[in-house]
Structure formats: C-alpha cells, structure tokens
Amino acid sequence: MKKVVGVINLVDEKNNLSELTNHRSFASVPFAGRYRLIDFSLSNMTNAGINTVAVFTREKYRSLFDHLGSGREWDLDRHRGGLFFQPPADHERKSEGDISSFYENLSYFKRSLSDYVLVTNGQLVWNVDFDQVIEEHEAQNADITVVYKPCDDPYTSGKNYNVLYTNDDERVDRLNLDVEALPGDNVYLNTFLMKSSLLISLVEDSVGSGKYDTINEAIAGSLDRYHVHAYHFGGYVTFIDSIESYYRYSMEMLDPNVTQELFYNKGPIYTKVKHESPAKYLESSNVSNSLVANGCKISGTVENSILFRGIRVGKGAVIRNSIIMQKCEIGEGAIIENVILDKDVSVSPGETVRSEDEPRVVAKSTVI
Amino acid sequence: MSKKRCVAMLLAGGQGTRLGKLTTRLAKPAVPFGGKYRIIDFTLSNCSNSGIDTVGVLTQYQPYILNSYIGIGSSWDLDRKNGGVSVLPPYLGQKGGEWYRGTANAIYQNMYYIKQYDPEYVLVISGDHIYKMDYSEMLDYHEERGADATIAVLEVPWHEASRFGIMNTDDEDRIVEFQEKPAEPKTNLASMGIYIFNWKALEKYLTEDEQNPESSNDFGKDIIPAMIEDQKNVFAYSFDGYWKDVGTLQSLWEANMDLLDDDPSLVLNDPAWKIYSVNPNQPPQYIAPQAKVTRSLVNEGCVVYGDVYRSVLFYGVHVGLGSTIKNSIIMPNVKIGANVTIENAIVESGTVVEDGMTLGSNDGSISLIADGEIVSVPK
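Residues numbered from 1 in each chain as written. Chains lettered and ligands numbered in written order. Predicted model: local features only at pLDDT ≥ 70, side-chain atom pairs only at ≥ 80, totals over all residues. Heavy atoms only, no water.

**Structural notes on the packing of aromatic side chains**
Okay, step 1: Applying the stated criterion across every chain, the model contains 28 aromatic pairs over all chains.
Okay, step 2: Members of the aromatic cluster, joined through ring pairs, are A:Phe31, A:Tyr35, A:Phe40, A:Tyr246 and A:Phe263.
Okay, step 3: The residue whose ring lies beneath B:Arg38 is B:Tyr69, and the NZ or CZ to ring-centre distance is 4.9 Å.
Okay, step 4: Lying across the ring of B:Tyr205, B:Lys204 places its NZ or CZ 4.5 Å from the centre. (Phe/Tyr/Trp six-rings, centres within 6.5 Å; stacked < 30°, edge-to-face > 60°. Lys NZ or Arg CZ within 6 Å of the ring centre and 35° of its normal.)

Next comes the structure, spelled out in structure tokens:
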C-alpha cells in the first residue's frame, strides 16, 4: 500500500458568503445541521486511511482551529502523522498565491516519507472514495490526477470556476482557470493527486522561475510535460459560491436520497462532538420536512427548515424555509421565514424576521 | 503514580436479571437510556463533572459491549496520563483466581489498584442508577464530619421504604442502624448505593470481611453493618435530586417517560453538568412532511415518516409512513416499516419491524420486544 499524505488547501478560498464568512473561513461555515464544510473533505481523507493531513490556511482561522482541535474526531491525533495546522509563517506574504504556502511547507512533504500527496479544499460537500482516485491514478500510469465533476447545476453564479477539457482517454489537454462554467462543462474540483517528489519539484521550479503563483497554474502549465489524468467524480457535490447557492444546497439536505448518499452509503462524516441531549419535541410542536440536530427544544412550528444544535423554538413560533444555526433562541409567537440566522441569534417573542426573494442572513449574536 | 485525594470504584458487573432479554448480551450498566445514553454514562459523567479523574470500573457479566464502549474513557474526559478510567475484570493470579463474589469482594480483589494512588478516600458507586450528583460536595461533607464512612441517602415515599436498604440516623445524621428491606421501616431514608470511605478504614474492613467465611462480602449486608457495630463514624448524606434504580422494565420505562415532561426533574441539557456518551457519528434527524412528532425525545440519525407521541427514539431509528409510535422506547437502529402500531413497548436495538405489525397494547402492560420475542409485564 502506498503512503499518502493529505492537504486541505484553504489558501485561495473566496470568502464570498457575506456575513457567514465575515469572521470565519469558508471551510468552517456551518452546514447540514451539525457540520462545518471542512468536515466532508477531512472525513473523506480519514475514511481513505490517510492519517497525515495538513491544513493550509491564511486568515480567519480562529473558528477553524477551535473546530479541528487535536484532530481527534477525525482519528488524526496520531504519534506518526496526524493533523498539522499550518497558518502562514509570514503574514506579509498574504497577497501571494498558494504556491508560496506549498513552498513554506516543503519540509512537510519531504519529511513525511510519503509516496503521494492528495490535495483538496474545504468547501465541497461530498462523500468521495479517495482510494478509487488513487487506484485509477495508478492504473492510468498518470503523473497527476485531477478530480472533476460535470457542471449540470443551476445554482452556481457562473463565475470563478476552473474548467478542464480532456481527450478521449480522459487525459487533460486544457485547464482554464477562473472562467465562467457553462452547463456541461467539466469543473475541476481543486482536488489532485501526484507523487510527493513531483509536487516538490513542481513547487520548487515554480518558485525558482517565478513563473506560477498558484499550484493550479503550475498544473495547467505542465499539461505538455506530464500525463495529467481526469478522474470523473460521479457522486453528489456542491458548488457553493454565494449565499443563494449556500441556501439552495442546504435545502437539498431535506432530500433523503441526498443525505443517504452523503452520510450512509460510504464512510461516516465526522465532526466536533458537543454532547447535546436528544432533541425534545413538546406537546405543541409541529415539525415537518426538516432536519433537526440534538439539543433542540421545540414547542412551535418548523417547516422546510434546518435546525442546528441547541435551538429553542417557543410556543406559537413559526419557522419556514429557513436555516437556523447553533444556539439560536426563537421566542414565543415569532415568525421566521426565508432567512439564515447565524449562531446565537435571539429573536424576541412576537417579532417577525422575513425576506421576500433572496434569503437574508442575520449576523452572529444579533438580538431582534 | 502520584497520589490522589479520591479514587472512584464503579461497580458495573450487574446482570440486571429483572430487565429480561435486554440484558442477554450486555450488562445492566450498558443498557441504553434516554435516547442517546447508556446507564453508566450518568455515573461516569458525574465523576468527570465532580473532578474525580481516577475511576476503576469493575466488570464481570457480559463485559464486551461495556469494555468497548468505555474504551480509554475519552468520551468522559477520563483519558488521563495519571489516573483516568481503568476497566477491572476478575483475574487469575499465581494463587489462582475467582469471580467477584459480592460488591465488597470485588473491591477487595482490586485493592492493589487503589493502593497505587495512595488515596485519602475511596468513592464506591454503582453503574446501575440514573442521577446527577456532585460527589465533591459529598466528599467535603465527609471531611467536615470527620467520618469514616458516608452513605448518600434519599427520602423515599414511606410505602416504598420496605423495598430499600433503610438508614436509621440520630439527630446529627449519624447512622445508628442499617436495615436491608425492612418490613416495618423506622425511617424513609434509603441508601442510594453511594459510599465514601476513608481508605485506611475500608482497607481494614475489607480485609477482615474477606477472612469471615460467613460473610456474603456485600457493602450493604456486611461492611456497613460491621462499621456501625464498631461505632465508627458513619454518616448519612442527604440528596434530594432525581435518582432512579432502573432495574426493572417498569422502572426503565418510567424513567424514560419522566424525561418527556415539560420541565423534567432530570435535566439532560445543563451546560454546566453535561451527560457525556460515545457519539455514533450520525447526521441530524429528518422529520418528513407526513410526520407528526410530539412530546418525544429523538436522537440523531433518525428518519421519521410516521406519528411519534410520548416516546424516546435512540439514534438511527427509522419510522415508516403511516406508522404510530406511542408511549414507547425505541432503541438504536430499530427499523420500523409502514403502517406499524407500537404502544407501551420497549423495542431492543437493531430490531426490524415489518410493515403492518402491531406491537404492545394499552391494557396497562409494557411489552419488551427483544430477540424476536415479545414479553409483557404489568406497568
């Protein structure tokens, strides 16, 4: 068995989820009632037996640090390997592309004595079997394997995607970075596998020549020199790039077929455990088509909504088509419709929080 | 090992015979409770929340599930460099070995474990009870009274007193007499099976008790009466919170139903006193458009299409379309098909209930569905 080390690369994250990413990185945005976005990629690595994972990050990593801790929930509290949290060594280099983060961490790749490096990001909601990626990479005798998914998706805003084109053998012959993705385009999921030795030389050459600023540019510029194979991921994956798409993908979690694929068919998705009691439904509770996490206490009506951990819903309150994050308090008779409440929001009895078309975000700890 | 002020010894070898088929494959402390816990979570969490970080867990009957559940104790923050949780099964030594003959003998056989921490005090508790208690307050009381032994007591209704071990105390809460299940109780102060001993005194009494061939080697029947006889300082420590021995199907069912009150006396969600348990990594529960869930506790991983009223659903339970669950406890990973009716029942983990079945009744009995069989007992 080949030894693989992982990287969750958050360096070039776009923090475009308005209030949700004001104070936290994209990867630590709450999702699906009890998770943070990073849980999916990280759990996929754990489930593939990868027990050395580095998280490259540049900013707003406080909540991420708190969430990941020692990595214990992902079985990454190891004597050999484990979780490596890598904030920038030098905050002055913030404006540079992610190649400098790889360069700063060359010793991580050199010291790990691994055969392969698997790099992914922290914003995809998916349950991918990385073992299959590795198998296909070896079967194809590829130098680099990049993971893609055809874009058949109505929610993306159409901007800022990396699109790849292949020949008949699924060999990549073009990789266009930061372009508009049209339906049918193969969107590169910023996830790739290559030999550690190749990554090291690619990074050293890029920095030495000053030719490439990002790791993706380096891959896109090497298509002639290396055999870059495209791995078609056929499962469920999200393209979250705006509040609107965050909201729409969240609502897809109310489809039992989607949750079946994400949480039950393959390995489990791990997250930080909070030791909340089971959710309590009181006599007057009326919940339908909703996802409810533990620690909630519900006396009101909840429809087509997602309730994170530890939420109180008072008598006569109505929550519709909304996403309510951890520890929110919804007072008696309050009406919440078509909104996203960030953590610790408190809505006083009888108040109405509603938005007409675009879902509105209420910032963390707001009192209404 | 560095010295500890107090070491806890948690008796977890009980078979729980009166829980019928629920304890075929697991010991009573491992029986599921309250939608996400096992009974032993309450005492382990009490230890952790009371600052007692050295806990020996004495196992004997069907230990596998309990052992793997406890692991290295990380769920309760009891994975410690010095101390932590240690599972202590009966063992064979050079001079042979034997099963634990009684509660006192179980501790006697593990005196070596206690000695290595050279403690002032030993807390003896049992993994059979549901309650939240700050043992550090009891320990302070024990010190203040200069006691040799302190026993936690609870006022029970007078008509139930003859079911318990009853303490007769003087004006200063000194225990002057202990009666095991007396026909005519003199007080209604029942022993909760929670003892604090000065280690030196306990060591002496355990050793003497072991040498007495007549003894049943039991704390309630032998050790405590011997200490009272010798006029040792044995004090009662009053506790007035929720406490329940869930030793029968009736009491297990009742204790689960108690949690469904608007303001239950046992609060599971107190951030200052969390009840920890091993997390099964399940997604949030899904309540379908057709479902109706009221007065119930539902855990992660549940998928509910039917009606659930006054019931407790553990993790991974599926309730199919058109099914009704009422006054029932549904243990982990039970799959309930469509158009099923379940009433006044306890359904064992992993049971599959086929479409259209009716289980349990409203004739005043509780039905246990376990191992493919149904056994009914009066409520």
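**Quick look at the domain arrangement of chain B**
All names here are of chain B.
Okay, step 1: The domains assigned to chain B are domain 1 (4-259) and domain 2 (286-369).
Okay, step 2: Relative to domain 2, the C-alpha centre of domain 1 lies at a distance of 34 Å.
Okay, step 3: On the side of domain 2, 19 residues touch domain 1, which itself brings 18 residues to the contact.
Okay, step 4: Around 1400 Å² of area is buried between domain 1 and domain 2 when both sides are counted, 74% of it from carbon and sulfur atoms.
Okay, step 5: Looking only at domain 1, the three residues that lose the most surface to domain 2 are Gly 35, Trp 253 and Met 257, adding up to 41% of its buried area.
Okay, step 6: At the boundary of domain 1 with domain 2, the tally comes to one salt bridge.
Okay, step 7: Among the salt bridges present, the one from Arg 25 reaches Glu 348, with a minimum N-O distance of 3.5 Å.
Okay, step 8: Put simply, domain 1 and domain 2 have two residue pairs in polar contact (both at pLDDT 80 or more) between them. (Domains from an automatic or database assignment. Contact = heavy atoms within 4.5 Å. Buried area = accessible area lost by both parts, 1.4 Å probe. Salt bridge = Lys/Arg side-chain N within 4 Å of Asp/Glu carboxyl O. Polar contact = N/O pair within 3.5 Å; in protein donor to acceptor, adjacent residues only side chain to side chain.)

**Brief notes about helix 6 (residues 199-211) of chain B**
Residues and elements named next belong to chain B.
Okay, step 1: Between its first and last C-alpha atoms helix 6 spans 19 Å; for 13 residues at 1.5 Å apiece the expected length is 18 Å, and the two agree.
Okay, step 2: Those residues of helix 6 not exposed but buried are Trp 199, Ala 201, Leu 202, Glu 203, Tyr 205, Leu 206 and Asp 209.
Okay, step 3: In the core, the buried residues of helix 6 are packed alongside helix 3 (103-108), helix 4 (111-115), strand 8 (121-126), strand 13 (189-198) and helix 7 (219-229). (Helix = DSSP H or I, 4+ residues; strand = E, 2+ residues; numbered from the N terminus. Expected span 1.5 Å × (residues − 1). Buried < 20%, exposed > 50% of the residue type's maximum accessible area, 1.4 Å probe, protein only.)

**A word on the sheet that holds strand 20 (residues 323-324) of chain A**
Sheets are built from strands that pair by backbone hydrogen bonding, the pairs being arranged parallel or antiparallel.
Okay, step 1: Read from one edge to the other, the open sheet built from ten strands follows the order 26(A)-23(A)-20(A)-17(A)-14(A)-16(B)-19(B)-22(B)-25(B)-28(B), with strand pairing classed as mixed. In this open sheet, the two edge strands, each paired with only one partner strand, are strand 26 (360-362) of chain A together with strand 28 (352-353) of chain B.
Okay, step 2: Relative to strand 26 of chain A, strand 23 (residues 339-341) of chain A runs parallel, the two being bridged by three bridges. Bridge pairing in strand 26 of chain A links A:Ile340 to A:Val361. (Pairing = 2+ DSSP bridges.)

**Description of the interface of chain B and chain A**
Okay, step 1: On the chain A side, the residues contacting the 42 residues of chain B number 36 residues.
Okay, step 2: Interface of chain B and chain A: buried area, both sides summed, is about 3200 Å²; carbon and sulfur atoms make up 46% of it.
Okay, step 3: Between chain B and chain A we count three salt bridges in total.
Okay, step 4: Residue B:Arg295 pairs with A:Glu283 through a salt bridge whose shortest N-O separation is 2.4 Å.
Okay, step 5: Taken together, the connections running from chain B to chain A amount to 28 residue pairs in polar contact (both at pLDDT 80 or more).
Okay, step 6: Mapped by element, the contributors of at least two residues to the side of chain B that touches chain A are strand 16 (285-287), strand 17 (292-294) and strand 18 (296-298) of chain B.
Okay, step 7: Here the residues of the side of chain B that touches chain A sort into 19 nonpolar, 14 polar and nine charged.
Okay, step 8: Where strand 12 (residues 279-281) of chain A and strand 18 of chain B come together, three bridges link them in antiparallel fashion. Bridge pairing links A:Ala279 to B:Val298 in strand 18 of chain B. (Nonpolar A, V, L, I, M, F, W, Y, C, P; charged D, E, K, R; others polar.)

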